[in-house]
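Listed below, chain by chain, are the residues.
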Amino acid sequence: MRTLVVVGDTLLDVDTDGRAEKLSPDGPVPVVRADAESTRAGGAGLVAAVAAVAALAAGGGRVVLVTPLADDADGATLRSVLPAGVELVPLPWAGSTPVKHRIRAGGQTVARVDRGGEPGPVGPLPGAVATVLAGADAVVVADYGLGATADPELRGLLTAVARRRPVVWDPHPRGAPPVPGCRLVTPNAVEALGADPGPRPDVGAVADRALALRAEWAAGTVAVTLGAAGALATVGEDGVLAVPAPAVDAGDACGAGDAFAAAAGWALAGGALPPEAVAAAVRAASAHVAAPAPAPTGGGVLVATGGCFDLLHAGHVATLEAARALGDRLVVCVNSDASVTRLKGPGRPLQPQADRVRILRALGCVDDVVVFDEDTPEQVLRGLRPQLWVKGGDYSGVAVPEAAVLAGWGGRVVTVPFLAGRSTTALAELARA
């Protein structure tokens, strides 16, 4: 099992979503009536969370987060919202937890309130930091300018790692420079150029700056991220590679850079070359922007369902749409190829898990997909902890083994109507006829 270690500053992101239907009598500002509030880890914490989801979807992987954590109420909240799939190695830090609170109306941010997060030193480093870095297949450094990457001891450890393992460094204007030897450094256009390049960056200027930064930072590759335009990466001494982004509907770009860094880290951990890692990262960032907003952790309902989904048919779609209508977010748990073969016999699956996952993620009613290798999804459910586990109507009145697992946190199993006469087996037999 590969290990990805994420190092850097973690923030607490809070979103209050509501409706703005009038202006305040105190001034020409909207009055937002709050409907829901979500709380999640941001910065390096979001990189780790995205990496953990990707690991589940790929069938396994270990994610370790090395980050400063303050001893305050917001720090306690931050610990509680980290996904179960993220191992935490906290660094002592005397500062206060950085909080970014967005106020949103109709899906648009109308104000942001920041508190805490004064930069400051970390340390002394616990021994676990050297241990997890020594066992990493790749490291992602998510610098948010709060002081973690400036610690001399931590920089020494990262420099040593960069000599033998891929290190992806996502820099920050207020942060420390990347250590020498990073396999990939990923500034955005503003960070690279020192100014906002506008909606259509000058590709020549970006290329020249990327090559200059590669030499300045003694990096293997510098990939400048360009938002909807994709990324521009250095190749060799003086070459550049343009990696366009797939077209997506307008979405929330918050966290796209974190998704980029996480995907690049996993790609390099698996042996990909830097251009291949950049291409995978561009696709992941685009998918992140296109994905529905995460469900609120306070009051939101997480729904999960599962199956092989070997040949997606109308019955599957009906079940998935009905399941999504029951909550704020739908995660589909998919049997791995090995699991399908054990359950369905030789000759199955008809489609490999990567294709089945891709097709499911293309559905508007599906928020995320995870792959499990066991015969039943109990283990992945313990990590997700959904409030509802949805089964098709053919399970109505039948004892479902997952029910006992969900009862452990107050969840329950529900069934939804299904379309009769639709089945993968029937479709496969028809295709063979």
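Residues numbered from 1 in each chain as written. Predicted model: local features only at pLDDT ≥ 70, side-chain atom pairs only at ≥ 80, totals over all residues. Heavy atoms only, no water.

Draft legend 1. Highlighting the side chain of Asp143. The topology assignment puts Asp143 in the loop between strand S8 (138-142) and helix H4 (152-162). Reaching out from Asp143, the side chain makes a polar contact with the backbone nitrogen of Gly145 at a distance of 2.8 Å. Sequence-distant contacts of Asp143, defined by excluding residues within four places in its chain, comprise Asp9, Thr149, Trp169, Asp170, Pro171, His172, Gly175 and Ala176. (Helix = DSSP H or I, 4+ residues; strand = E, 2+ residues; numbered from the N terminus. Polar contact = N/O pair within 3.5 Å; in protein donor to acceptor, adjacent residues only side chain to side chain. Contact = heavy atoms within 4.5 Å.)

Draft legend 2. Inspection of the packing of helix H3 (residues 127-134) against H4 at higher detail. Where H3 contacts H4, the axes come no closer than 10 Å and their chain directions differ by 15°. Between H3 and H4, the angle falls in the class roughly parallel. Classified by chirality, the crossing of H4 by H3 is right-handed. On H4, the residues touching Val129, Ala130 and Leu133 of H3 are Leu154, Leu157, Leu158 and Val161. Of the residues assigned to the contact of H3 with H4, the class counts are seven nonpolar, no polar and no charged. (Axes fitted to C-alpha atoms, helices over the stretch in contact; angles between N-to-C directions. Parallel < 35°, antiparallel > 145°, perpendicular 65-115°, else oblique. Left-handed = near helix turned anticlockwise from the far one by under 90°. Nonpolar A, V, L, I, M, F, W, Y, C, P; charged D, E, K, R; others polar.)

Draft legend 3. Structural view of the sheet that holds strand S3 (residues 30-43). Across the sheet, four strands lie side by side as S3-S2-S6-S7; this open sheet has mixed pairing. Either end of the sheet is taken by a strand with one partner, and the two such strands are S3 and strand S7 (108-115). Adjacent strand axes in the sheet meet at a mean angle of 20° when their direction is disregarded. Pairing geometry for strand S2 (residues 10-23) and S3, over 13 bridges, is antiparallel. (Pairing = 2+ DSSP bridges.)

Draft legend 4. The arrangement of the confidence of the model for the protein in detail. Scored by pLDDT, the protein comes out at a mean of 86, with 91% of its residues at no less than 70. Contacts of residues 292-297 to residues separated by more than four positions or lying in other chains number 15 contacts, the stretch itself having pLDDT below 50. (pLDDT = per-residue confidence, 0-100.)

Draft legend 5. Main features of the sheet that holds strand S15 (residues 329-335). Taken in spatial order, the five strands line up as S16-S15-S14-S17-S18 in an open sheet, and their pairing is parallel. Edge positions in the sheet fall to strand S16 (368-372) and strand S18 (412-416), since each has one partner strand and no second. Each strand of the sheet is rotated relative to its neighbour by a mean of 30°, with strand direction disregarded. Both S15 and S16 contribute to a ladder of five bridges, which runs parallel. If you follow Cys333 over to S16, its bridge partner there is Val370.

Draft legend 6. Summary view of the pairing of strand S1 (residues 3-8). Within S1, six of the six residues are buried, leaving the element largely enclosed by the surrounding structure. In S1, alternate side chains face the same way, and those of Thr3, Val5 and Val7 on one face and Leu4, Val6 and Gly8 on the other are all buried. In this sheet, strand S4 (residues 62-69) lies alongside S1 in parallel orientation, the contact comprising five bridges. Considered in S4, the bridge of Leu4 is made with Val63. Across five bridges, S1 lies against S8 in parallel orientation. (Buried < 20%, exposed > 50% of the residue type's maximum accessible area, 1.4 Å probe, protein only.)

Draft legend 7. Structural view of the environment of His172. Mapped onto the elements, His172 comes out in the loop between strand S9 (167-170) and strand S10 (184-185). When the C-alpha atoms of His172 and Val390 are compared, they prove to be 43 Å apart, with 218 residues separating the residues in sequence. For His172, the contacting residues outside a window of four places in its chain are Asp143, Tyr144, Gly145 and Glu191. A distance of 3.0 Å separates a polar atom in the side chain of His172 from the backbone nitrogen of Arg174.

Draft legend 8. Representation of the packing of helix H7 (residues 256-269) against helix H8 (residues 274-290). Between H7 and H8, the shortest axis-to-axis distance is 7 Å and the interhelical angle comes to 145°. Where H7 crosses over H8, the handedness of that crossing is right-handed. On H8, the residues touching Ala256, Ala259, Phe260, Ala263, Ala264, Ala267 and Leu268 of H7 are Pro274, Ala277, Val278, Ala280, Ala281, Val282, Ala284, Ala285, His288 and Val289. Within the contact of H7 with H8, the residues separate by chemical class into 16 nonpolar, one polar and no charged.

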